[in-house]
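# Topology and contacts: notes
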Amino acid sequence: MPPIHSSARVYSLPFVLRTYDFWVLYITNNWIWRCSTRTVLLPFYQKHIGESAHLDVGVGTGYLPANSIERLAKTKNVTLLDLNPDTLEASEARIRGAGYKGVIDKVNQSAFDPLPQSLREKFDSISTFYMLHCLPGSFPLKASSVVANLAAGLTPGGVLYGSTVLGKGVQHNWAGRILMRLYNRAGTFSNYDDGVEDLENALKEHFEDVEVTQLGVVALFVARRPRSI
Ligand SMILES: C[S@@+](CC[C@H](N)C(=O)[O-])C[C@H]1O[C@@H](n2cnc3c(N)ncnc32)[C@H](O)[C@@H]1O
């Protein structure tokens, strides 16, 4: 099992997994990061799911795939990748419990490490929601290495998409400033220097077609046509 960095360790606390959906996906997203889960993140997650194989990176509680079962019905394989084995277990159980009938694979590794050979050019969609802001380091460097690893997992027509909370060039409200300080001190987040332009540059290094939009303090990105294929 790979060593678990503080960006992923906190999710082994049962209290965190139990309260994550309410605290992060409902309260924090609506009023602090100002990017609604229900009206923005979930529809965005569902929109790009491919029909053959989907990889979700940084799975947390599995809320997004478990609430996308109708959209996932045609997807034959869902692969979950996370540094923390507890989030992988919890997410798999939740997706199965929500009625997904296809194959679920779990990969316990860091997104900083290259994908195993068996996963190269396998996925028509790869999502990574709210993981980049957890990773140590800052944009463009940390995003660039993760994006390069994930790009290698895409089929030529595949799409990489996701979301991340920004720290640079955005106006956090008072509650946001408190959370940023707490989470960055604890090592759960590392995003004080994460700006939207650096994210865009990291994506453009590895993809020909990149769209980045911003809502509240959250960047939403879609990248197509990996340069390496
Ligand atoms: C904030 S949660 C995001 C959960 C979910 N995607 C969502 O949007 O609700 C971050 C996830 O990233 C995982 N994570 C943190 N560092 C990681 C790394 N280096 N490689 C892979 N996963 C990591 C954590 O274990 C956790 O499951």
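Below you will find a few notes about this structure.

Here is what the cut-offs are and how they apply
Residues numbered from 1 in each chain as written. Predicted model: local features only at pLDDT ≥ 70, side-chain atom pairs only at ≥ 80, totals over all residues. Heavy atoms only, no water. Pairing = 2+ DSSP bridges. Helix = DSSP H or I, 4+ residues; strand = E, 2+ residues; numbered from the N terminus. Axes fitted to C-alpha atoms, helices over the stretch in contact; angles between N-to-C directions. Expected span 1.5 Å × (residues − 1). Buried < 20%, exposed > 50% of the residue type's maximum accessible area, 1.4 Å probe, protein only. Arc of directions from axis to C-beta. Contact = heavy atoms within 4.5 Å. Parallel < 35°, antiparallel > 145°, perpendicular 65-115°, else oblique. Left-handed = near helix turned anticlockwise from the far one by under 90°. Nonpolar A, V, L, I, M, F, W, Y, C, P; charged D, E, K, R; others polar.

### Some thoughts on the sheet that holds strand 7 (residues 218-226)
- Taking strand neighbours across the sheet as the criterion, the 7 strands line up as 3-2-1-4-5-7-6 in an open arrangement whose pairing is mixed. Across the chains shown, the open sheet's two edge strands, defined by having one partner strand only, are strand 3 (103-108) and strand 6 (207-215). Sheet twist, expressed as the average angle between the axes of neighbouring strands with direction ignored, equals 15°.
- By the bridge criterion, 5 bridges tie strand 1 (residues 53-57) to strand 2 (residues 77-82) in an arrangement that is parallel. In the strand pairing of strand 2, Val57 is matched with Leu81.

### Some points on helix 6 (residues 85-97)
- A rise of 1.5 Å per residue sets the reference length of helix 6, with its 13 residues, at 18 Å; its end C-alpha atoms lie 18 Å apart and thus fit the reference within 8%.
- Within helix 6, burial applies to Pro85, Thr87, Leu88, Ser91 and Ile95. Within helix 6, the buried residues cover an arc of 155° as seen down the axis, which keeps them to one side. Residues Ala93 and Gly97 are exposed on helix 6 and point more than 90 degrees away from its buried face.
- Contacts made by the buried residues of helix 6 are with helix 2 (14-32), helix 4 (63-66), helix 5 (69-72), strand 2 and strand 3.

### Focus: helix 9 (residues 196-206)
- Residues of helix 9 that are buried: Asp198, Leu199, Ala202, Leu203 and His206. Down the axis of helix 9, the sector holding all buried residues measures 140°, keeping them to one side.
- Next to the buried residues of helix 9 lie helix 7 (141-151), strand 5 (154-165), strand 6 and strand 7.

### Some points on the packing of helix 2 against helix 8 (residues 174-186)
- With their axes 10 Å apart at the nearest point, helix 2 and helix 8 run at an angle of 130° to one another. Overall, the two elements helix 2 and helix 8 adopt an arrangement that is oblique. Considering how the two elements wind past one another, helix 2 and helix 8 form a crossing that is left-handed. Contacts between helix 2 and helix 8 involve Trp23, Thr28 and Ile32 on the former and, on the latter, Ala175, Gly176, Leu179 and Tyr183.
- When grouped by side-chain class, the residues that make up the contact of helix 2 with helix 8 number 5 nonpolar, 2 polar and no charged.

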